[in-house]
Amino acid sequence: GCIMGNVGSNRNFQTFLKQIAFYINPLLCFSTLTDHKVMEGEARGKKNIMEPSVTNYAQGKESFYFAGHDISIRESIDTYGALIWPGAIALCQFLENNQQQVNLMDKAVLEIGAGTGLLSIVASLLGAMVTATDLPDILSNLTFNLQLTWGQDLERDFPHPSHQYDYVLAADVVYPHDCLEELLETMRHFCRPGSRTTLLWANKIRFQSDLRFAERFMSSFHTSMLTELPQQEIRIYKATAKE
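Residues numbered from 1 in each chain as written. Predicted model: local features only at pLDDT ≥ 70, side-chain atom pairs only at ≥ 80, totals over all residues. Heavy atoms only, no water.

Engineer: What exactly am I supposed to notice about the packing of aromatic side chains here?
Structural biologist: The geometry of an aromatic ring pair is captured by the separation of the ring centres together with the interplanar angle, meaning the angle of the planes. Counted under the stated rule, the structure contains eight aromatic pairs. Each residue in the set Trp201, Phe213, Phe217, Phe221 and Tyr237 is aromatic and connected to the rest through ring pairs, giving one cluster. (Phe/Tyr/Trp six-rings, centres within 6.5 Å; stacked < 30°, edge-to-face > 60°.)

Below, the structure written as C-alpha cells:
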C-alpha cells in the first residue's frame, strides 16, 4: 500500500520510516473453500467502493483522522495484506482513545503483519518508535532493511535481549492459513518471560480456527480482553509472558 499523510514533521513518524521492515512468510493456504469465500467477500465489499486506478491494479484510497493528523492509505485488492481490515482500525481507535492505559510515547513497538501500515503510522503518531513488518510485495515502496519469517531463525535474526520491544502489535493476522503455529511461536519469542513486552492483538472472529487460536493464545500468556465490539465481532486482547 502507498502511505501518504500530513505527518512529515513528526519525529517518530520519521523514525518509523527509517525502521520500516518486511515480514516474509510462505504462501498462505486456506483450509476450506468456504473460508476463502468469506475473506473474498470482505475484499469484494471494499472493491465496490474503490475508485478506478490509472494502473493495472484495482486500487482505492481511504482517509483517516488519528492523533490530530489526516492519513491517506492506498489499498489494492491483489492481496489480502494490501487491504485495511477492521481489526487494524479498531486497534488504532483503542490506542488513540486509551493513551493513559497504553502509553506509547517513546516506546519501542513491533508490528507483525502490518499490511498497509495504518496501525504502525498511528502508533508512531502517538509517540512510538515503530518497526513494521510484512510481505515485501505489500510494502515494496518502503525501505527494505529487515526480514522476519514467522517461526524461523528467530533467535538468530532477533536475538534476545538485543531485540526487545515494549509492545508488539498484531491486527487481523489470524484467519485460516498454514502459519498459525509459526505466528504463535513468533509471539512467544518476542513476549517471553523476563522481556516485559506487552502484546496487543486485535482480530475479527470469523472462523472456528480463530477461536481455537484464541484459546491457545490465552493458554500461552497472561491475557485479558481489553475490549470487545460485538457488532463487528472484534476482540482486542492484551497479553504478557507467563513467568
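Engineer: Whenever I open this one, the sheet that holds strand S8 (residues 167-171) confuses me. Can you help?
Structural biologist: The six strands are arranged S6-S5-S8-S9-S11-S10 in an open sheet whose pairing can be described as mixed. Since the sheet does not close on itself, it has two edges, and those belong to strand S6 (129-133) and strand S10 (221-229), each with one partner. Averaged over all adjacent pairs, the angle separating strand axes in this sheet is 20 degrees, with direction ignored. By the bridge criterion, six bridges tie strand S9 (residues 198-204) to strand S11 (residues 234-241) in an arrangement that is antiparallel. (Pairing = 2+ DSSP bridges. Helix = DSSP H or I, 4+ residues; strand = E, 2+ residues; numbered from the N terminus. Axes fitted to C-alpha atoms, helices over the stretch in contact; angles between N-to-C directions.)

Engineer: How should the packing of helix H3 (residues 86-97) against helix H4 (residues 118-125) be read in this particular structure?
Structural biologist: The description of two packed helices rests on the angle between their axes and on the distance between the axes. Orientation of H3 relative to H4, taken along the N-to-C sense of each, is 10 degrees, at an axis distance of 9 Å. Considered as vectors, H3 and H4 are oriented roughly parallel to each other. Contact with H3, carried on its side by Ala88, Ile89, Leu91, Cys92 and Leu95, involves Leu118, Leu119 and Val122 of H4 and no other residues of that element. A per-class count over the contact of H3 with H4 returns eight nonpolar, no polar and no charged. (Parallel < 35°, antiparallel > 145°, perpendicular 65-115°, else oblique. Contact = heavy atoms within 4.5 Å. Nonpolar A, V, L, I, M, F, W, Y, C, P; charged D, E, K, R; others polar.)

Engineer: Hey, could you run me through the pairing of S11 in this one?
Structural biologist: For a regular strand, side chains alternate in direction, first toward one face of the sheet and then toward the other. Strand direction decides the pairing type here: S10 and S11, joined by eight bridges, are antiparallel. Looking across to S11, one finds that Phe221 is bridged to Ala241. Two successive antiparallel strands, S10 and S11, enclose a turn made up of four residues, where Glu233 displays a positive phi of approximately 55 degrees.

Engineer: Sorry, what's going on with the pairing of S6 here?
Structural biologist: Most of S6 sits out of view: four of its five residues are buried. Summarising the sheet, strand S5 (residues 108-112) and S6 pair through five bridges and their orientation is parallel. Counted as the bridge partner of Glu111 is Ala132 from S6. Where the polypeptide runs from S5 across H4 and back to S6, its parallel neighbour, the crossover connection is right-handed. (Buried < 20%, exposed > 50% of the residue type's maximum accessible area, 1.4 Å probe, protein only. Right-handed = clockwise from strand over helix to strand, strands pointing away.)

Engineer: Which parts of the structure should I look at to understand the pattern of salt bridges?
Structural biologist: Proximity of charged atoms lets side chains of opposite charge pair with each other. Evaluated as defined, the whole model comprises six salt bridges. Across the pair Glu155 and Arg192 runs a salt bridge, and its minimum N-O distance is 3.0 Å. Highlighted residues: Glu155 in helix H5 (residues 154-157) and Arg192 in the loop between helix H6 (180-190) and S9, separated in sequence by 37 residues. In this structure, Asp157 and Arg156 form a salt bridge, with 2.8 Å as the shortest nitrogen-oxygen distance. A single salt-bridge network, built from bridges that share partners, covers Asp153, Arg156 and Asp157. (Salt bridge = Lys/Arg side-chain N within 4 Å of Asp/Glu carboxyl O.)

Engineer: What should I look at first to understand the packing of H6 against helix H7 (residues 208-220) in this one?
Structural biologist: Running from N to C, H6 and H7 cross one another at 25 degrees; their axes reach a closest spacing of 11 Å. Of the possible angle classes, the one that applies to H6 and H7 is roughly parallel. The chirality of how H6 crosses H7 is right-handed. Of H7, the residues touching H6 (which contributes Leu180, Glu181, Leu183, Leu184, Met187 and Arg188) are Phe213, Arg216, Phe217 and Ser220. Looking at side-chain class alone, the contact of H6 with H7 contains six nonpolar, one polar and three charged residues. (Left-handed = near helix turned anticlockwise from the far one by under 90°.)

Engineer: How should I be thinking about H4 in this particular structure?
Structural biologist: Taking burial as the measure, the eight residues of H4 include eight buried ones, the bulk of the element. Every buried residue belonging to H4 is among Leu118, Leu119, Ser120, Ile121, Val122, Ala123, Ser124 and Leu125, and all of these are buried.

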